[in-house]
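Chain by chain, the residues run as shown.
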Amino acid sequence: MSWSVISAEDLAPQAWKNGGGQTRELLAWPNPSDWIVRLSVADIERDGPFSAFEGIQRWFAVLRGDGVRLYEYELRVGDELLSFDGALAPDCELIGGATRDFNLMHRRSRGRLIVQPADHPFLPEAGNSRWLGLFTAGGGLLSHGARAMPLRPLSLAWCESPARQSCIFDGEGAAWWMAWSEAESLGD
């Protein structure tokens, strides 16, 4: 088992078809044409609807900027992740200008994705976790067993078939553990 690391700051942004922003795709796993988990950092530059993704569960958080309104929620830097059905394609209204945002998607028919804040250690499920990831907005140090890796801001670290050893993150700003298994979905 080895960890891979990528930072949004190393990726060229890709413009959205609707002209409302751009994205930096950190990962489409296990492959870009048939992904189960997709994670990106997006820059929203103007008001407009999210794209509809049928069968997809989404998680969203504001990383920089004044925030957005989705549904009846005002989301700002430091708020909890908002999870919603990707088929609903909510309208997005910028509160005070452009934002940089965390965007995670999971194909619900393909296993189960656990997402939780990285302010506590995470222990991968024995024999169950096929993919483990950590996203950090501000950077820090990821420790897994005896291995430690420094992470820059806006980075994703991930591995396949993680060893059942405690994972600890010590860092700045928002960070989330993500673990995917082939176990049946629990309804997200």
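Report follows, based on the coordinates.

Calculation rules
Residues numbered from 1 in each chain as written. Predicted model: local features only at pLDDT ≥ 70, side-chain atom pairs only at ≥ 80, totals over all residues. Heavy atoms only, no water. Phe/Tyr/Trp six-rings, centres within 6.5 Å; stacked < 30°, edge-to-face > 60°. Helix = DSSP H or I, 4+ residues; strand = E, 2+ residues; numbered from the N terminus. Buried < 20%, exposed > 50% of the residue type's maximum accessible area, 1.4 Å probe, protein only. Core = buried A, V, L, I, M, F, W, Y, C linked by side-chain atoms within 4.5 Å. Contact = heavy atoms within 4.5 Å. Salt bridge = Lys/Arg side-chain N within 4 Å of Asp/Glu carboxyl O. Pairing = 2+ DSSP bridges. Axes fitted to C-alpha atoms, helices over the stretch in contact; angles between N-to-C directions. Patch = residues over 30% accessible without salt bridge, like charges linked within 9 Å, V, L, I, M, F, W, Y side chains within 5 Å. Areas by Shrake-Rupley, 256 points an atom, 1.4 Å probe, with all protein chains shown as cover.

## Brief notes about the packing of aromatic side chains
Point 1. In total, this model carries nine aromatic pairs according to the counting rule given.
Point 2. Ring geometry for tryptophan 29 against tryptophan 180: centres 5.2 Å apart, planes inclined by 65°, an arrangement best described as edge-to-face. Residue tryptophan 29 is located in strand 3 (residues 21-29), and its partner tryptophan 180 is located in strand 18 (residues 175-181); the two are separated by 151 residues in the primary sequence. Here the two residues tryptophan 29 and tryptophan 180 agree in accessibility, since each one is buried.
Point 3. Where phenylalanine 102 meets phenylalanine 135, the ring centres are 4.9 Å apart and the plane angle is 45°; that geometry is what we call tilted. With phenylalanine 102 in strand 11 (residues 99-107) and phenylalanine 135 in strand 13 (residues 129-136), the pair connects residues that are 33 residues apart, well separated along the chain. Residues phenylalanine 102 and phenylalanine 135 agree in their burial class; the two are buried.
Point 4. Members of the aromatic cluster, joined through ring pairs, are Phe50, Phe60, Tyr71 and Phe84.

## Comments concerning the environment of leucine 113
Point 1. With respect to the secondary-structure elements, leucine 113 resides in strand 12 (residues 112-117).
Point 2. Along the backbone, leucine 113 and serine 181 are 68 residues apart, and their C-alpha atoms lie at a distance of 6.6 Å.

## Points about the nonpolar core
Point 1. Counting residues in hydrophobic clusters, the biggest one holds 23 residues, and the most contacted among them are Phe102, Trp131, Phe135 and Met178.
Point 2. Secondary structure elements with two or more residues in this core: strand 3, strand 4 (37-44), strand 6 (56-64), strand 11, strand 13, strand 16 (155-160) and strand 18.
Point 3. If we ignore the near neighbours within four places in the chain, the residues touching phenylalanine 102 are Leu39, Ser40, Trp59, Phe60, Ala61, Leu63, Leu81, Phe135, Trp176 and Met178.

## Re the pattern of salt bridges
Point 1. Considering all chains together, one arrives at 11 salt bridges under this definition.
Point 2. The shortest N-O distance in the salt bridge between arginine 110 and aspartate 34 comes to 3.1 Å. Pair noted here: arginine 110 is in the loop between strand 11 and strand 12 and aspartate 34 is in the loop between strand 3 and strand 4, with a separation of 76 residues, a long-range link.
Point 3. Under the relative-accessibility criterion, arginine 110 is labelled partly exposed at 28%.

## Things to note about the sheet that holds strand 1 (residues 4-7)
Point 1. Sheet architecture is open: five strands sit in the order 1-16-13-18-12, paired in antiparallel fashion. Only two strands of the sheet have a single neighbouring strand rather than two, namely strand 1 and strand 12. Neighbouring strand axes in the sheet, compared pairwise and without regard to direction, differ in orientation by 15° on average.
Point 2. Pairing of strand 13 with strand 18 involves seven bridges; the strand directions are antiparallel. Considered in strand 18, the bridge of leucine 132 is made with alanine 179.

## With respect to a nonpolar patch on the surface
Point 1. A cluster of nonpolar residues, Tyr71, Tyr73 and Leu88, forms a patch on the protein surface that exposes about 300 Å² of accessible area.
Point 2. Position of tyrosine 73 among the secondary structure elements: in strand 8 (residues 73-75).
Point 3. You can call tyrosine 73 partly exposed: its relative accessible area is 39%.

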